[in-house]
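Chain by chain, the residues:
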Amino acid sequence: MSQAATMPIEERAPEPGLGIYNLKLGIWIFLLSEVMFFTALIGSYVILRFAHPDHFAAPGEVLNVPLTAVNTFILICSSVTMVKAYAAIEKDDQKGLKQWLLATIVLGSTFVGVQVYEYIHLVNDGFVPDAQAYVESGLAGGPLYSSTFYLMTGFHGVHVALGVGALIFILIKAMRGAYSSQRLGGVEGVGLYWHFVDLVWIVLFTIVYLI
Amino acid sequence: MQHGESAHPPYMMIWVVLAVLMFAKVGVSLVDMGRGMSIALLVLISLVSAVLVALYYMHLRFEPKKLWILAALPLPLIAILILTVIQEFR
Amino acid sequence: MSATAAAKTDWDQPGFAGGEHHEPSFIRKYIFSTDHKIIAIQFLVTSLFFLIVGGLLAVMIRWQLGFPGAPLPGGDLLPDTMAPGGIILPEFYNAMVTMHGTFMIFFAIMPLMVGVFGNLLIPLQIGAGDMAFPKLNMLSFWLAVPAGFIMLASFFVEGGAAGAGWTAYAPLSADGEYTGVYLGQQLWLVSLFILGFSSIAGAVNYVTTIINMRAPGLTWFRLPLTIWSLFITSFLVLLAIPILAGALIMLLTDQTLGTTFFLPAGGGEPLLWQHLFWFFGHPEVYILILPAMGIVSDILSNGARKPVFGYHAMVLAIIAIAFLGWIVWGHHMFMSGMNPMLGTTFMITTMVIAVPSAIKVFNWLGTLWRGNIEFHAPLLYSVGFVSLFIVGGLSGIFMASTPVDIYIHDTYFIVAHIHYVLFGGSLFAIFAGITFWYPKMFGRMMSSFWNKIHFVLTFIFYSMAFFPMHGLGLEGMMRRLYDPTQYAYLAELQPWNQFISISVFLLAATQVIYFANFTLSLWKGEKATANPWRANSLEWSVPSPPPHGNFERIPIVYRGPYEYSSPESDEDFYPQFVPPRQKTAPRPEPQPTAD
Amino acid sequence: MNWLLDPSFSTFGPDIDRLYYIILVITGLVFVLTEFLLFYFLFKYRKKEGRKAEYSHGSTKAEVIWTLIPFVIVVAIGLMSVSVWDQIKNPVEFPNPDYEIIVSARQFEWDAIYPGADGELGTEDDFTVLNRIHVPVNEPILVHLEAEDVIHSFFVPDFRLKQDAVPGMTIPVWFEVTEPGEYILGCAELCGIGHYRMDGMIVVLTAEEYREWEAGQIAFHSGERSPDEGDVVASRGDEEDSDETQDTGGP
Ligand code: HEA
Ligand code: HEA
Ligand code: CUA
Ligand SMILES: [Cu+2]
């Protein structure tokens, strides 16, 4: 292989693909499958809600809209801090990268924390996934309400939590100086994922809490 | 808004827009304007926000058009799945 | 923009063609290997194992159907919860049918297609040193293994394995109360969920690799059809599997958390499961057939020593099948209580999907036409594929016609269709592919003589076993029947069931030939040269088996993969990597290509 | 192995059979043509020393031909199917039935629920018969198909009739039988361990016999008459019936 490694770059240039380096392209492709995953969950919700409007309560009747609005704002902020981290490393600003990453991690964790807090309250109110228990709780709507709610927000929450984990990993690498304006695949990749999760939440917040 | 960002999309600006849109949605859900109208508005605002995130934060605007095609692949499938299955319950 | 971005970033990430290569330890080399060729072999071994498991289950199914109530030979080895005294219990029969379908589809054919051929051929045929993400590739394999063993383990948990069919229709699958199977069904769901991750990881890799890592000169329309079909298949995997994953989760929470997505008692919709399952399920069956079609196209062209007829039409047909595959899922639900107007729509789309398949079939015929056909074993298997796929495809037309499907839905006519497209189709192509690329994998040839014997016997016994199933279906024999003699009008057909069962036993025995040939050739097989089939694509430019990193130097591609019998070449083949004669420079610049 | 169908005994049965035969002929021809060409080419163009295969990359004309012809054929099959399908499955096109019953499936039994004396379903005096569905001949029958637990499938091979029974749904099904007799009813959707023995019987009577039977049942269910051997009463979990419906084949 040594021979290949010393070959002039022109000779090794592959057939032009999309003009996007592997990692970034891979993340995009992975995100396509994520879109379909959320399609299954959100699509089922839309369909079930359409079929059984009586199972769902008016906005604010059961769910805490103001709290979640704040939480949504937090997630939107985390998107901007993420993109700032990327902008920083593009300019080789190591310190900026670390600071913005840290900010993103803090915001992301806060989001998850608030969601856990919300869950605890909801469960205490009797808003539980178990159909039998839901009916007994006497809350508005029907069991499809709670089950679709936990399904969608739960899997979104898991995605945020995984994203926080990935960000921590990137931050550790960043502290070791792994990134530069020439090597920023990791930062960009996590960023894409993070913004995607944010994007999903924008949709979820609307259809779960506001409609 | 920020200096030294001339080469970049206006990240902070988008952030402000997203936040405003979000609070607008909460507002819409509070105002009584008929269910159909309110749903239409809410969906529209969310779509605008989502597209903004994709275009600027995910840099889709600055990517080759082929990536746009790739990224759009699931969209018809989403429409097909939901619009078809909903026919069951009309 | 794109050009500079490529120049700036292509090399800033690991995993670009070649990557770093040092001599790895045994464990890194053979167990936690990131080499795509090793991973392909790992997939091959595991999925052949699951093929045998699925096959054994099929044999037991056939025993029960041919000789209902008779003790299974050796059946007393099974625990009393399955077959007391060797007599198969109805609940165990249901579990066997479910697990047979599941193992065959998810753990045998699918990994054989995308796991084995995808991994082996994509880097080799596009001239790359490895996959774009070798570690992800390793992860993909090591997720499939636990998934398989969880599935296998479910046989031995309390209540036994899942028994709701491979389609797991809710509510039967949604509440253990209906089947007595709780944990088994949950393990089924968990296992498939994990397998989904594995498949998606693989697909991300394949798509990225094919888009970004093609050798210079290898433009889109110089790709072998195998690569095209794997490329399109990867998109199907990418977009279909997540739908299944979502549905599996909902079913799992119905089972465990008391939700009621699919349970009408709590407002759920049983038909929603079917829609989600088949929205995944129909693309899934094309995941199982498209790579087969690609492989067969390559091998037919090689055997006929003639370019593939209508290459562009073949590519378009693959894309058309993949696209149409998304709008036909309702043809599995004609009798489900689905809105009858939807039924009509789905019938028309299903009919239309026969058209791209027709294009494929006629182009295969066109490829053979005026060829100079060399009957090597892979060609025979491929011809077997074509002839049996036609039968399976044509039976699809009966079922696609909604009124006819009223009668034959959920009968053995469907079972016949399944096996014509999946065994006659996919599995024959797999036999062809394994035989064809065996030298590239292991550096030795399989015995051609025994391959031919195996082909002939398999073809005969296969037809004896599965062709009569059409007739059983037309007599009204339902699927998933533990004991058909319960119905008087089916009891009369018992001789046919016995005939089928005996044919199946012969068919299964025949597979031992292949198994033995496969195993013995590892040591005894004739040493393979770099290009034993005198073929054109890039994998034949490197030694068999190729070294770690595949290519000494990244090859340059000068022409399409099917230049057999080209007037420009003295021989009857003209490999993609051989520079044109008229040029004098030993390594000319790659032709600039508009992409 | 027989590609011909057994005779059918419902009004729409012959329509399905006709479609089946049309498709059989078309696919049969395609089958013979393609398989013949395949084996002919294999034979004709088998390897001969010194001969080179023709160097041809295809022909656009041929592609167009073999895209268009199958397209026309399959769409034609599709269009022919539509009217038959609508006639059988589209509630808008159902004939006006004089007889309505509910058939409710549950794990491994069929309950046939009759309107009773008042002729109205869903009232107090409805009576239920287990696993035997009695209907008059030459009359459109409307069945409201229901399921209590899991999905079953109402399958009468001799009528060419099949419809899944889905819990939570009531699916309208109609049929009209052309000859009196006893016809096997099967369950065609995997529904648990007893799926294989979830059989029943459609008993088709002449108009007169049917009236008699109905009157007898009404009398019996209102307690005016004691049971005789012809009565099969639905009692949940009842399983002794399976032998009874066995020995009676088709008509
Ligand atoms: C590899 C797998 C594979 C493939 C390729 C196909 C291909 C097709 N399938 Fe199949 N199918 C399955 C696997 C597959 N299927 C499985 C596993 C099931 C059962 C699932 C279950 O319930 O468990 C199933 C079930 C199934 C059903 C549901 C039946 C039922 O449950 O009632 C239907 C109904 O329309 C159907 C139709 C078709 C059609 C129209 C095609 C077409 O794509 C076929 C097209 C090909 C041809 C038509 C032949 C070649 C063409 C010519 C020679 C040209 C000339 C032809 C004409 C002019 C007609 N399939
Ligand atoms: C790819 C898919 C596949 C394959 C290959 C097979 C293969 C076989 N199938 Fe299966 N089958 C399905 C997919 C498949 N099946 C599906 C999806 C269903 C529906 C399930 C459901 O209803 O839920 C089904 C259902 C099904 C039924 C209906 C059961 C019922 O409804 O009650 C029957 C009955 O006869 C049957 C029989 C067989 C037989 C006899 C084989 C034989 O061909 C098996 C012979 C094969 C072997 C014995 C394998 C051994 C192989 C080797 C030894 C080779 C080893 C080589 C090396 C190691 C190099 N199958
Ligand atoms: Cu009821 Cu099968
Ligand atoms: Cu299908």
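Every value quoted in this text rests on a predicted model; they were computed, and no experiment measured them.

## Let's talk about the overall build of chain D
- A tally of helices and strands in chain D yields 3 helices and 10 strands.
- Walking chain D from its N terminus toward its C terminus, one meets helices and strands in the order α-α-β-β-β-β-β-β-β-β-β-β-α.
- Every one of the 251 residues in chain D was classed for burial, and the buried ones make up 51%.
- Of the contacts made within chain D by residues no fewer than 6 positions apart, 65% connect residues no fewer than 24 positions apart.
- Total accessible area on chain D is roughly 11,100 Å²; 58% of this is exposed by carbon and sulfur atoms.

## Some remarks on the arrangement of the chains
- Across the 4 pairs of chains that are in contact, the largest number of contacts falls between chains C and D.
- With respect to C-alpha atoms, chain A approaches chain D no nearer than 12 Å, and the pair has no contact.

## Here's the deal with the coordination of the iron atom of ligand 2
Residues and elements named next belong to chain C.
- With distances of 1.9 to 2.0 Å, the protein atoms coordinating the iron atom of ligand 2 are His100 (NE2) and His419 (NE2).
- Here the iron atom of ligand 2 is ringed by 6 donor atoms whose angles at the metal span 88 to 179°, and the overall shape comes out octahedral. Here His100 is found in helix 4 (residues 90-126), whereas its partner His419 is found in helix 13 (residues 412-442), with 319 residues between them in sequence. His419 shares its class with His100; the two are buried.

## Let's talk about the site of ligand 1
- Close to ligand 1 lie 33 residues, the nearest being C:Trp166, C:Tyr286, C:Asp405, C:His409 and C:His417.
- Neighbouring residues of ligand 1 are not confined to a single chain but are spread across chains C and D.
- Here an oxygen atom of ligand 1 sits 2.7 Å away from a polar atom, N or O, in the side chain of C:Tyr286.
- Elements supplying a minimum of two residues to the shell around ligand 1: helix 8 (270-304), helix 10 (340-368), helix 11 (377-400) and helix 13 of chain C together with helix 1 (13-44) and helix 2 (60-89) of chain D.
- Residues that form the shell around ligand 1 fall into these classes: 22 nonpolar, 9 polar and 2 charged.

## Considerations on the confidence of the model for chain D
Residue and element names in this part refer to chain D.
- Averaged over every residue, the pLDDT of chain D is 87; residues scoring 70 or more account for 88%.
- The weakest mean pLDDT in chain D belongs to helix 3 (residues 207-221) at 89; the strongest belongs to strand 6 (residues 152-156) at 96.
- Under a pLDDT of 50 for its full length, residues 234-251 has, in the predicted model, 34 contacts with residues more than four places off or in other chains.
- Both scores are available for the predicted complex, with the pTM at 0.93 and the ipTM at 0.92.

## Details of the environment of C:Phe577
Residues and elements named next belong to chain C.
- Within the element layout of this structure, Phe577 appears in the segment after helix 16 (494-524).
- For Phe577, a relative accessible area of 21% gives the class partly exposed.
- In the structure, Phe577 is positioned 150 residues away from Leu427 in sequence and 31 Å away in space, judged by C-alpha atoms.
- Here Phe577 is in contact with Asn536, Ser537, Leu538, Trp540, Ser541, Ile556 and Tyr558, once residues within four sequence places are set aside.

## Quick word on the interface of chain C and chain D
- Each side of the interface is counted separately: chain C has 100 residues, and chain D has 85 residues.
- Each partner contributes to the roughly 8,100 Å² buried at the junction of chain C and chain D, and carbon and sulfur atoms together form 70% of this total.
- At the junction of chain C with chain D, the criterion picks out 3 salt bridges.
- The partner of C:Arg480 in a salt bridge is D:Glu189, and the shortest N-O contact between them spans 3.8 Å.
- Viewed at the interface, chain D and chain C are joined by 25 residue pairs in polar contact (both at pLDDT 80 or more).
- When residues of the side of chain C that touches chain D are traced back to their parent elements, those giving at least two are helix 4, helix 8, helix 9 (311-324), helix 10, helix 11, helix 12 (402-408), helix 14 (448-474) and helix 15 (488-491) of chain C.
- Here the side of chain C that touches chain D takes 17 residues from helix 10 of chain C, the largest share from any one element.
- Looking at the side of chain C that touches chain D, its residues break down into 60 nonpolar, 24 polar and 16 charged.

## Considering the packing of aromatic side chains
Residue and element names in this part refer to chain A.
- Per the counting criterion, the structure on display carries 105 aromatic pairs over all chains.
- A ring pair is formed by Phe38 and Phe196, whose centres lie 6.3 Å apart and whose planes are at 55°; its orientation type is tilted. Note that Phe38 is positioned in helix 3 (residues 22-51) and Phe196 in helix 8 (residues 185-210), a separation of 158 residues in sequence. Each member of the pair Phe38 and Phe196 is classed as buried.
- Pairwise contacts between aromatic rings join Tyr45, Phe56, Phe111, Tyr119, Phe127, Tyr134, Tyr145, Phe149, Tyr150, Trp201, Phe205 and Tyr209 into one cluster.

## Some points on the coordination of the iron atom of ligand 1
All names here are of chain C.
- For the iron atom of ligand 1, the protein supplies a single donor, His417 (NE2), at a distance of 2.1 Å.
- Taken as a pair, the iron atom of ligand 1 and the copper ion (ligand 4) lie 4.4 Å from each other.
- Looking at the secondary structure, you find His417 in helix 13.

Calculation notes
- Residues numbered from 1 in each chain as written.
- Chains lettered and ligands numbered in written order.
- Predicted model: local features only at pLDDT ≥ 70, side-chain atom pairs only at ≥ 80, totals over all residues.
- Heavy atoms only, no water.
- Helix = DSSP H or I, 4+ residues; strand = E, 2+ residues; numbered from the N terminus.
- Buried < 20%, exposed > 50% of the residue type's maximum accessible area, 1.4 Å probe, protein only.
- Contact = heavy atoms within 4.5 Å.
- Areas by Shrake-Rupley, 256 points an atom, 1.4 Å probe, with all protein chains shown as cover.
- Donors = N, O, S within 2.8 Å, 3.2 Å for Na, K, Ca; no water.
- Tetrahedral: all angles 85-135°; square planar, octahedral: opposite > 155°, others 65-115°.
- Near = heavy atom within 4 Å.
- Polar contact = N/O pair within 3.5 Å; in protein donor to acceptor, adjacent residues only side chain to side chain.
- Nonpolar A, V, L, I, M, F, W, Y, C, P; charged D, E, K, R; others polar.
- pLDDT = per-residue confidence, 0-100.
- Buried area = accessible area lost by both parts, 1.4 Å probe.
- Salt bridge = Lys/Arg side-chain N within 4 Å of Asp/Glu carboxyl O.
- Phe/Tyr/Trp six-rings, centres within 6.5 Å; stacked < 30°, edge-to-face > 60°.

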